[in-house]
Amino acid sequence: HVDLVEFVDKHLKKAKETLEGTTGCTFDFHHKSVQEFQPEPATYDLVWSQWILMYLMDADAIALLKKLGPSLTKGGVIVMKENMSTPDEMTYFDRADGELWEPGNGTGPVSVVRTQMHYEDLIERANLTIRSSEVQQDPSKKTMPMIIFELVASPSADGK
């Protein structure tokens, strides 16, 4: 079973059209933000999060990760894939056209590109553990690096 959460109506409609008639799997489509979505505890063997945190401020990203951890079944994992900045560039904000956002140049930023260390800090603050991570580089340098994390719920402080 798949729960698909999507805030943008046209993307949700496209997912429904694409997945219509799929056999061997059932789908629930949730037209809401990830901030509004409330996953049930111990429900998911796998949570796939791709290019979501880039649209969330740190506090919202941590809140999302904090509620995804308890939604995992025993042995469940979160796979998180995001664009990544380099340590030289540090964390930065993008405009809607993909160019670097700077204060005072019109509308506000639409996304944030974080460094690996920044993501690791968010993950730790959400009480998740990184089981593995991998950086994907585009050999042609046409796209920015991406990082994929495999996350698991951290053992609770009381050992349960």
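Not measured: the values here are computed from a predicted model. (Residues numbered from 1 in each chain as written. Predicted model: local features only at pLDDT ≥ 70, side-chain atom pairs only at ≥ 80, totals over all residues. Heavy atoms only, no water.)

Novice: Explanation requested: unusual backbone geometry in the structure shown.
Specialist: Both trends apply: most residues other than glycine have a negative phi, and most peptide bonds are in trans. Notably, Trp-51 is not glycine yet its phi reads approximately 55°, a positive angle. Owing to a relative accessible area of 33%, Trp-51 belongs among the partly exposed residues under this scheme. You will see that Asn-127, though not glycine, has its phi angle at about 60°, which is positive. Along the chain, the position of Asn-127 falls in the loop between helix H3 (116–125) and strand S7 (128–136). (Buried < 20%, exposed > 50% of the residue type's maximum accessible area, 1.4 Å probe, protein only. Helix = DSSP H or I, 4+ residues; strand = E, 2+ residues; numbered from the N terminus.)

Novice: When you look at the packing of aromatic side chains in this model, what are you seeing that I'm missing?
Specialist: Ring pairs (aromatic) are described by centroid distance and by the angle formed between their planes. Evaluation of the coordinates by the stated rule reveals 2 aromatic pairs. Ring geometry for Phe-27 against Phe-29: centres 6.0 Å apart, planes inclined by 20°, an arrangement best described as stacked. A relative accessible area of 26% places Phe-29 in the partly exposed class. (Phe/Tyr/Trp six-rings, centres within 6.5 Å; stacked < 30°, edge-to-face > 60°.)

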